[in-house]
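Overview (structure and organization)
Residues per chain are reported as follows:
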Amino acid sequence: MALTDTYTMNNGLKIPVIGFGTWQANDDEAKLSVLWALEAGYRHIDTAAGYKNEEEVGEALKESGVPREEVFVTTKLDNKSHGYEKTKSAIKDSLEKLDCDYIDLLLIHWPNPIASRDNWKEDNAASWKAMEEAVEEGKIKSLGVSNFHARHLDPLMETAKIKPAVNQILLNPSEMQPEVVEYNKKHDIISEAYSPLGTGKIFDVNELKVLADKYNKTIAQLVLKWSLKHGFLPLPKTITKERVWENADVFDFEIKDEDMAVIDNLKGRAGSAVDPDTIKF
């Protein structure tokens, strides 16, 4: 495997097996880190309207010299943009900020934000309709969701014409969300792993230190390989140039089954996912 290897989504389109995350990367940090990622060989960049860095990501895409068609770009619908008209406007804004003719993957970021709490099902359905129209217009290639559980996906799929291709959720050795992952598998939806390194907390887990030493790898490399072995699509994020390259160097070793089992049993050691129905934003 390599950074340019892909999974095939349920719509037949390809998505690179590792993406570069940009959450909490602002202004020059976002632009520089994306430039480094593209230089290191990443061809999948993940941003969001809520990250406030779509413009910087777009600038990096242009300045990198990598042809647009060679880079898979994901962005996400802001929590205040749910509903048909708001979503149409949000898509236009994201395209302008990214300075792209199309977006490879658009996700609904959260299923039940504060702004839609009283009618989240209807708002999600209306947003999805606008997103489907954007696919028909060639503005979006693929659609997906983030932080959705079965209770959110079931009503969405009652009216959806296009099936979600991806569900981006918190996935790392501390939080494997088995029920959501199983639902995704059953419906041929790829499980993307945001915060695959546990927002840094994973580096304090002693069992991972021992195993990383065993494989002569860093904890980050070990955990990203673990994610790939589970069939997840990890989105490591860093604003340190050396770690951009380090996180890409995960294809030259294999984790033994007994060591996978050790990593699988680290639940709760570095944080857990929040309930998407109780978020305060």
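Residues numbered from 1 in each chain as written. Predicted model: local features only at pLDDT ≥ 70, side-chain atom pairs only at ≥ 80, totals over all residues. Heavy atoms only, no water.

What about the overall build of the protein chain?
Summing up its helical and strand segments, the protein chain has 10 helices and 10 strands in all. Whereas a compact globule of 281 residues would reach a radius of gyration of roughly 19 Å, the protein chain reaches 18 Å, a difference of no more than 12%. Based on the C-alpha atoms only, the size of the protein chain along its principal axes is roughly 55 × 40 × 35 Å. The contacts in the protein chain between residues at least 6 apart in sequence include a share of 74% that link residues at least 24 apart. Per element, the accessible surface of the protein chain, about 12500 Å² overall, is 48% carbon and sulfur. Distance between charge centres in the protein chain, computed from 35 positive and 48 negative side chains, equals 2 Å. (Helix = DSSP H or I, 4+ residues; strand = E, 2+ residues; numbered from the N terminus. Rg over C-alpha atoms; globule rule 2.2 N^0.38 Å. Contact = heavy atoms within 4.5 Å. Areas by Shrake-Rupley, 256 points an atom, 1.4 Å probe, with all protein chains shown as cover. Lys, Arg positive; Asp, Glu negative; His and termini not counted. Charge placed at Lys NZ, Arg CZ, Asp CG, Glu CD.)

Some words on the packing of helix H7 (residues 206-214) against helix H8 (residues 219-229)
At their nearest, the axes of H7 and H8 sit 8 Å apart, and the two run at 95 degrees to each other. In terms of their interaxial angle, H7 and H8 are classed as roughly perpendicular. Residues Leu208, Lys209, Leu211 and Ala212 of H7 touch H8, and the partners they reach there are Ile219, Leu222 and Val223. Across the contact of H7 with H8, the residue classes tally to six nonpolar, no polar and one charged. (Axes fitted to C-alpha atoms, helices over the stretch in contact; angles between N-to-C directions. Parallel < 35°, antiparallel > 145°, perpendicular 65-115°, else oblique. Nonpolar A, V, L, I, M, F, W, Y, C, P; charged D, E, K, R; others polar.)

Details of the environment of glutamate 63
Structurally, glutamate 63 can be placed in helix H2 (residues 54-64). Relative accessible area serves as the criterion here: at 51%, glutamate 63 is assigned to the exposed category. Sequence spacing of glutamate 63 and lysine 31 is 32 residues, and the spatial spacing of their C-alpha atoms is 9.6 Å. A polar atom in the side chain of glutamate 63 sits 2.7 Å from the side chain of lysine 31. (Buried < 20%, exposed > 50% of the residue type's maximum accessible area, 1.4 Å probe, protein only. Polar contact = N/O pair within 3.5 Å; in protein donor to acceptor, adjacent residues only side chain to side chain.)

Overview of the nonpolar core
If you look at the biggest cluster of nonpolar residues, it comprises 76 residues, and the most contacted ones within it are Ile15, Tyr42, Leu208 and Leu222. Examining the composition of this core, we find that seven residues originate from one element, H8, more than from any other. Contacts of leucine 222, omitting those with residues within four sequence positions, involve Leu208, Leu211, Ala212, Tyr215, Phe253, Ile255 and Ile263. (Core = buried A, V, L, I, M, F, W, Y, C linked by side-chain atoms within 4.5 Å.)

With respect to the environment of valine 66
Within the element layout of this structure, valine 66 appears in the loop between H2 and strand E5 (72-77). Between the C-alpha atoms of valine 66 and tryptophan 120, which are 54 residues apart in sequence, the distance is 39 Å. Setting aside residues no more than four positions away along its own chain, valine 66 makes contact with Leu38, Arg43, Leu61 and Val71.

Structural notes on helix H10 (residues 257-264)
Among the residues of H10, Asp259, Met260 and Ile263 are the ones counted as buried. Across the axial projection of H10, the buried residues extend over an arc of 105 degrees, all falling on one side. On its buried face, H10 is in contact with H7 and H8. (Arc of directions from axis to C-beta.)

It is worth stressing that arrangement in space is one thing and function is another; only the former is reported here.
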